[in-house]
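Observations on the model geometry
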Amino acid sequence: MDTVLVTGAGRGVGLALVVHHAVARHTLPKHVEPRLVTLRAGKPVAHGEEALDRLLNHKQGFDAIVLDVMLPGKDGFTVAKELREAQHYVPLLMLTARGRPEDVLKGFESGADDFLSKPVHREELIARVKTLRRLHETRKELEGRRLAAEVQEKEAIRKAFSRYLSPRLAERVLAQS
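Residues numbered from 1 in each chain as written. Predicted model: local features only at pLDDT ≥ 70, side-chain atom pairs only at ≥ 80, totals over all residues. Heavy atoms only, no water.

**Observations regarding the overall build of the chain**
On a plain count of helices and strands, the chain comes out with 6 helices and 6 strands. Listing each helix as α and each strand as β along the chain from the N terminus yields β-β-α-β-α-β-α-β-α-β-α-α. Within the span of the chain, comprising 177 residues, buried residues form 37% of the whole. Of the contacts formed within the chain by residues at least 6 apart in sequence, a portion of 60% connects residues at least 24 apart. Carbon and sulfur atoms make up 56% of the accessible area of the chain, which totals about 10,400 Å². (Helix = DSSP H or I, 4+ residues; strand = E, 2+ residues; numbered from the N terminus. Buried < 20%, exposed > 50% of the residue type's maximum accessible area, 1.4 Å probe, protein only. Contact = heavy atoms within 4.5 Å. Areas by Shrake-Rupley, 256 points an atom, 1.4 Å probe, with all protein chains shown as cover.)

Here's what the structure looks like:
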């Protein structure tokens, strides 16, 4: 199994492909590379446990993960579930040859944002990855706006309290809210 890293020119963006089948290891990067960003192959991993460790500990992180369900050791469902339990909320596209409704449901329940059945069609894979990346960027932007509004609100409260309370007491009151 290979983890293939796709990195964008100077932007620090990346796509992790974690697939088990030998054909997929060689064809998926060809599907993705020309349309998204430049490709650089990562070191192979032997099983799902190692893939999980590498995904959680990659220094730069990823913009999206394409994760095969059929991995040796921990399967893709388990890897996805443990990524989410670790509060790793990178967009996740599960890839499988099993397209039964119960498998798709299990994928979503384990934390997948999208589910794609093999054989993979190039244009569909590219469109889904682009959509997941766009949604992730929108979520990050909204979260930034929410945090900025929260800081602004606390500053307004602090300013109002400063007329009546000492700065230290105002900080304690705000810390408890």
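There is more to say, and it comes next.
**Section: the pairing of strand β6 (residues 114-117)**
Summarising the sheet, strand β5 (residues 92-96) and β6 pair through 4 bridges and their orientation is parallel. Looking across to β6, one finds that Leu95 is bridged to Leu116. Crossover handedness for the path β5 to helix α4 (residues 101-109) to β6: right-handed. (Pairing = 2+ DSSP bridges. Right-handed = clockwise from strand over helix to strand, strands pointing away.)

**With respect to helix α5 (residues 122-162)**
Relative to the 60 Å expected for 41 residues at 1.5 Å per residue, α5 spans 60 Å between its end C-alpha atoms, a close match to the ideal helical length. Looking at α5, one finds that the buried residues are Leu125, Ile126, Val129, Leu132, Arg133 and His136. (Expected span 1.5 Å × (residues − 1).)

**Describing the pattern of salt bridges**
What the rule picks out here adds up to 13 salt bridges. A salt bridge links Glu124 to Arg128; the nearest nitrogen and oxygen atoms lie 2.7 Å apart. With Glu124 and Arg128 both in helix α5 and 4 residues apart, the pair spans about one turn of that helix. What makes Arg128 partly exposed here is its relative accessible area of 22%. Across the salt bridge formed by Glu141 and Arg145, the nearest N and O atoms sit 2.4 Å from each other. (Salt bridge = Lys/Arg side-chain N within 4 Å of Asp/Glu carboxyl O.)

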